[in-house]
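Listed here are the chains, written in short residue letters.
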Amino acid sequence: MTLIRLSLTDFRNHAGVDLGAGPGLVALHGDNGAGKTNILEAISLLAPGRGLRRAPLAEMVRDGASGGFAVFAEVLAGEGLAPVALGTGIEPAHPGRRLVRINGSPAATTALGDWLAVLWLTPAMDRLFVESAGNRRRFLDRLVLALDPRHAQHGNRYEAALRARGKLLAGQPGADPQWLASLEAQLAEHGTAIDAARLSTLAALSAELAAQPGAPFARPLLTLIDAEGAPRTAPWTVDALRALFAGRRRIDAAAGRATAGPHRDDLSAIHAASGRAAARCSTGEQKAMLLSLILAHSDCVARARGARPVLLLDEVAAHLDPSRRAALYERLAGQGGQAWLTGTEAALFDAMPGPVTRYRIAGGRISAG
Ligand SMILES: Nc1ncnc2c1ncn2[C@@H]1O[C@H](COP(=O)(O)OP(=O)(O)OP(=O)(O)O)[C@@H](O)[C@H]1O
Ligand SMILES: [Mg+2]
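Note that the coordinates shown come from a computational prediction; the quantities given were computed from them, not determined experimentally.

Draft legend 1. Focus on the overall build of the chain. Counting its secondary structure elements, the chain contains eight helices and 14 strands. The C-alpha radius of gyration of the chain comes to 21 Å, within 12% of the 21 Å expected for a compact globule of 369 residues. Dimensions along the principal axes, computed over C-alpha positions, put the chain at roughly 65 × 55 × 40 Å. When each of the 369 residues of the chain is scored for burial, the buried share is 50%. For the chain, long-range pairs separated by at least 24 residues make up 68% of all intrachain contacts whose partners lie at least 6 apart in sequence. Accessible area for the chain stands at about 16,000 Å²; split by element, carbon and sulfur atoms hold 52% of it.

Structure, rendered in structure tokens:
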């Protein structure tokens, strides 16, 4: 998948940006605060979800702008396919509602996943393995989504049913068992789909990681675990999941939340070479594991969908020593697909092989070079 054109209107510090990009590597360089991460964030909004900062939509409107914001891209979704026009943004009349257009027609946010898969690594993710389970779960779900665009829809419906069940339990514990049962049937239907997709994604990814040479990036061993830390091996069945929710109504009502189910699962990672839990590894080791994970995942997606996800690697180059940096560029250029990289120094990208689109960003303006 390749973004051949990207344009932003009133998106964060960019009043109006219009840039073209080729397949292969795209290097964005500029000083701190120039607007590099903002460009990656705009691209991340062209996939389902809340983007790489998970920021409120209204926050993305350029300070001082009177309207909403718009992000537009022309995307080649696969070899031999005509470009598709993806657009998203908000309008001042509905600042909380994300609008999506595909080839000019209004579409659901989840439909973006049919055309574009985007994966990112940002400095904020340096703490992914040590922070709360929620962020790891969202990270895992993005990996799943890149393989299976329907994952977003299952996720939204599961969340909606979870909220409705929570409200019902809070309002009238023990009441309306039929309504509860119907919500739990929805939770079971979408929950099993989510669970199966996560397990099969992790299986494919683990096989890919095992087949790849670990060096120069560390290999993680990945498992899905439940809220108690026990490995999840067999997928949930619809009946078992429905029974789980039905059996925990009183506990969940008392806790004020659903205390068990796929929404509580977590991604566990172990540094293969040392056997240490990722959370106990050095910052550099954790970053290297994330990098090899993302690269292997790109191979999984290429195998399954016939096209690679667009990779957004924010400030990844600066944190690698020159030999690992060269290995990363070599790998990215060799595998095809498009990867956007940012850095404060143009020189970081000097050694990039293959076709490279280079942009310099300064004061919200973008120029080639
Ligand atoms: N809604 C907004 N309107 C205007 N400017 C904004 C808005 N939101 C963020 N900014 C500003 O945009 C600027 C660029 O941010 P960005 O994170 O893209 O910088 P960067 O080039 O990635 O810098 P760094 O190298 O430090 O990571 C920052 O000064 C930030 O405060
Ligand atoms: Mg940045």
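From this point, the discussion proceeds with the structure in view.
Draft legend 2. A look at the nonpolar core. Of all hydrophobic cores here, the largest spans 93 residues; its most connected members are Leu3, Leu6, Leu328, Trp340 and Leu341. Take this core: its biggest share by element is ten residues, from helix H7 (residues 283–305). With residues up to four places along the chain from it excluded, the contact list for Leu3 reads Ala21, Ile43, Leu46, Ala73, Glu74, Val75, Leu116, Val310, Gln338 and Trp340. Membership of the second largest hydrophobic core comes to eleven residues, among which are Tyr158, Leu187, Phe245 and Ala258.

Draft legend 3. Region of interest: the sheet that holds strand E8 (residues 118–121). Pairing is mixed across the open sheet formed by six strands, whose spatial order is E8-E11-E12-E3-E13-E14. Unpaired on one side and paired on the other, E8 and strand E14 (365–368) mark the two borders of the sheet. On average, each strand axis in the sheet is tilted by 20° relative to the strand beside it, whichever way the strands run. When strand E3 (residues 24–29) meets strand E13 (residues 356–362), the two strands line up parallel, connected through five bridges. Directly across from Leu25, in E13, lies its bridge partner Val356. Packed on one face of the sheet, helix H1 (residues 36–44) meets E3, E8, strand E11 (310–313), strand E12 (338–343), E13 and E14 and runs near 155° to E12. Of the strands in this sheet, E8 and E11 touch H7, which is tilted by about 165° from E8.

Draft legend 4. Spatial organisation of the site of ligand 1. Around ligand 1, 17 residues are found, and the nearest of them are Gly33, Lys36, Thr37, Arg53 and Val61. One of the side-chain N or O atoms of Arg53 is found 2.8 Å from an oxygen atom in ligand 1. Measuring from a nitrogen atom of ligand 1, one finds a backbone N or O atom of Asp63 at 2.9 Å. The fraction of the free accessible surface of ligand 1 (650 Å²) that becomes covered by protein chains is 72%. A per-class count over the shell around ligand 1 returns two nonpolar, seven polar and eight charged.

Draft legend 5. Main features of the packing of aromatic side chains. Per the counting criterion, the structure on display carries one aromatic pair. Seen from their ring centres, Phe11 and Phe69 are 5.2 Å apart, and the 75° between their planes marks the pair as edge-to-face. Residue Phe11 is located in strand E1 (residues 2–11), and its partner Phe69 is located in strand E4 (residues 69–76); the two are separated by 58 residues in the primary sequence. Per residue, the accessibility class of Phe11 equals that of Phe69, and both read buried.

Draft legend 6. Representation of the side chain of Gln335 within the structure. Looking at where Gln335 falls in the secondary structure, it is placed in helix H8 (residues 322–335). Residue Gln335 is classed as buried on the basis of its relative accessible area, which comes to 17%. Each residue touching Gln335, except ones within four places of it in the same chain, is listed here: Leu295, Ser298, Asp299, Arg308 and Leu311.

Draft legend 7. Fine view of the pairing of strand E6 (residues 94–102). One ladder, built from five bridges, connects strand E5 (residues 84–91) with E6; its direction is antiparallel. Within E6, the position partnered with Thr88 by the bridge is Val100. A loop of two residues connects E5 with E6, the two strands running antiparallel in sequence. In the sheet, E6 pairs with strand E7 (residues 105–106) via two bridges, with the strands oriented antiparallel. In the sheet register, Arg101 faces E7, and the bridge partner there is Pro106.

Draft legend 8. The arrangement of the environment of Phe72 in detail. Within the fold, Phe72 resides in strand E4. Spatially, the C-alpha atoms of Phe72 and Thr9 are 8.6 Å apart, while their sequence positions differ by 63 residues. Aside from chain neighbours lying at most four places away, what touches Phe72 is Arg5, Leu6, Ser7, Ala85, Leu86 and Gly87.

Draft legend 9. Quick look at H1. Along H1, nine of the nine residues are buried, which leaves the element largely enclosed by surrounding structure. By the burial criterion, the buried members of H1 are Lys36, Thr37, Asn38, Ile39, Leu40, Glu41, Ala42, Ile43 and Ser44.

So, how was this worked out
Residues numbered from 1 in each chain as written. Chains lettered and ligands numbered in written order. Predicted model: local features only at pLDDT ≥ 70, side-chain atom pairs only at ≥ 80, totals over all residues. Heavy atoms only, no water. Helix = DSSP H or I, 4+ residues; strand = E, 2+ residues; numbered from the N terminus. Rg over C-alpha atoms; globule rule 2.2 N^0.38 Å. Buried < 20%, exposed > 50% of the residue type's maximum accessible area, 1.4 Å probe, protein only. Contact = heavy atoms within 4.5 Å. Areas by Shrake-Rupley, 256 points an atom, 1.4 Å probe, with all protein chains shown as cover. Core = buried A, V, L, I, M, F, W, Y, C linked by side-chain atoms within 4.5 Å. Pairing = 2+ DSSP bridges. Axes fitted to C-alpha atoms, helices over the stretch in contact; angles between N-to-C directions. Near = heavy atom within 4 Å. Polar contact = N/O pair within 3.5 Å; in protein donor to acceptor, adjacent residues only side chain to side chain. Nonpolar A, V, L, I, M, F, W, Y, C, P; charged D, E, K, R; others polar. Phe/Tyr/Trp six-rings, centres within 6.5 Å; stacked < 30°, edge-to-face > 60°.

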